[in-house]
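Close look at the chain arrangement
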Amino acid sequence: MAIGQPDANAAGILASPGRRPPFSKACYLTGESVFAPEPARHADAYYNQVAAAHWDGWGEGPARETFVHKEFRGVHFVTNGYDFRFPRTDALQPAECAAITLLDYFNCKLGDTAFRALCRTEVIEAEDAGWIPEFLRDDEEYDWDDEDEE
């Protein structure tokens, strides 16, 4: 084995396209759990799923999925840490969606403030992602579930 090369087992775990989403979700939700504790338990479940796959093959993930609804400067989006979904609108270009995705995923700093600190955030648990398109299409005001709203 060459130095710097992962062993065959470790490489196989994340090389499979089906195995990358849980690891990405686990990493993302770990970062989100700093701001809200709910994502932490799902992050743990995803980490455990990836670790178990190393030894026992691929198992089942969490029964419900954690999504994070965010608003940044008027742009709403929903993510599970692997897929980022934005509303379909002429005012929002794909390049803007890509930039927001990267800023959020890596929690980049804008000036002296981390991106996630600049977002309004709401954690949503659901069975699947089927609700997201309608949720993002809704023209009504979003119902934020945070304490600082009065």
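Residues numbered from 1 in each chain as written. Predicted model: local features only at pLDDT ≥ 70, side-chain atom pairs only at ≥ 80, totals over all residues. Heavy atoms only, no water.

Some remarks on the overall build of the protein
Along the backbone of the protein there are five helices and six strands. Each helix and strand of the protein, placed in order from N terminus to C terminus, yields the pattern α-α-α-β-β-β-α-β-β-β-α. Residue burial in the protein is summarised as follows: out of 150 residues, 35% are buried. Counting contacts in the protein only where the partners sit at least 6 residues apart, residues at least 24 apart contribute 58% of the total. Of the accessible surface of the protein, which amounts to about 9,300 Å², a share of 51% is contributed by carbon and sulfur atoms. (Helix = DSSP H or I, 4+ residues; strand = E, 2+ residues; numbered from the N terminus. Buried < 20%, exposed > 50% of the residue type's maximum accessible area, 1.4 Å probe, protein only. Contact = heavy atoms within 4.5 Å. Areas by Shrake-Rupley, 256 points an atom, 1.4 Å probe, with all protein chains shown as cover.)

Digging into the nonpolar core
Counting 17 residues, the largest nonpolar core has L29, F77, F86, I100 and F115 as the members making the most contacts within it. If sequence neighbours within four positions are ignored, I100 has contacts with F72, V75, F77, F86 and F115. Of all hydrophobic cores here, the second largest spans seven residues; its members include V78, A126, A129 and L136. (Core = buried A, V, L, I, M, F, W, Y, C linked by side-chain atoms within 4.5 Å.)

Some thoughts on the confidence of the model for the protein
The predicted model of the protein has a mean per-residue pLDDT of 80, with 73% of residues at 70 or higher. Throughout residues 1-11 the model reports pLDDT below 50, and contacts reaching past four residues in sequence, or to other chains, amount to five contacts. (pLDDT = per-residue confidence, 0-100.)

A look at helix 2 (residues 20-32)
Residues three or four positions apart in an α-helix share a direction because the helix packs 3.6 residues into each turn. Between its terminal C-alpha atoms helix 2 stretches 18 Å, which fits the 18 Å expected from 13 residues at 1.5 Å a residue. What helix 2 keeps buried is the set P21, P22, S24, K25, A26, Y28, L29 and E32. (Expected span 1.5 Å × (residues − 1).)

Description of the packing of aromatic side chains
Scanning the entire structure with this criterion turns up eight aromatic pairs. The interplanar angle of 85° and the centroid separation of 5.9 Å between the aromatic rings of Y28 and F84 together place this pair among those described as edge-to-face. Of this pair, Y28 sits in helix 2 while F84 sits in strand 3 (residues 84-85); the two residues are 56 residues apart in sequence, bridging distant segments of the chain. There is no split in this pair, since Y28 and F84 are both buried. Between the aromatic rings of F77 and F86, the centroid separation amounts to 5.2 Å while the plane-to-plane angle is 25°, which identifies the pairing as stacked. Pair check on accessibility: F77 and F86 agree, each one buried. (Phe/Tyr/Trp six-rings, centres within 6.5 Å; stacked < 30°, edge-to-face > 60°.)

What about the environment of L102?
Structurally, L102 is set in helix 4 (residues 94-105). Remark: the alpha-carbon pair of L102 and F84, spanning 18 residues in sequence, is separated by 10.0 Å. Once you skip the residues sitting within four places of it in the chain, L102 turns out to touch N107 and C108.

Focus on the pairing of strand 1 (residues 65-72)
Burial analysis of strand 1 places eight of its eight residues in the buried class, the great majority of the element. A two-sided burial pattern is seen for strand 1, the buried positions comprising E65, F67, H69 and E71 on one face and T66, V68, K70 and F72 on the other. Summarising the sheet, strand 1 and strand 6 (residues 120-126) pair through seven bridges and their orientation is antiparallel. Each residue of the ladder has a partner; that of E65, found in strand 6, is A126. Taken together, the five bridges between strand 1 and strand 2 (residues 75-79) define a ladder with antiparallel strand orientation. Looking at strand 2, one finds that F72 is bridged to V75. Count of turn residues in the strand 1/strand 2 antiparallel hairpin: two residues, of which R73 carries a positive phi of about 50°. (Pairing = 2+ DSSP bridges.)

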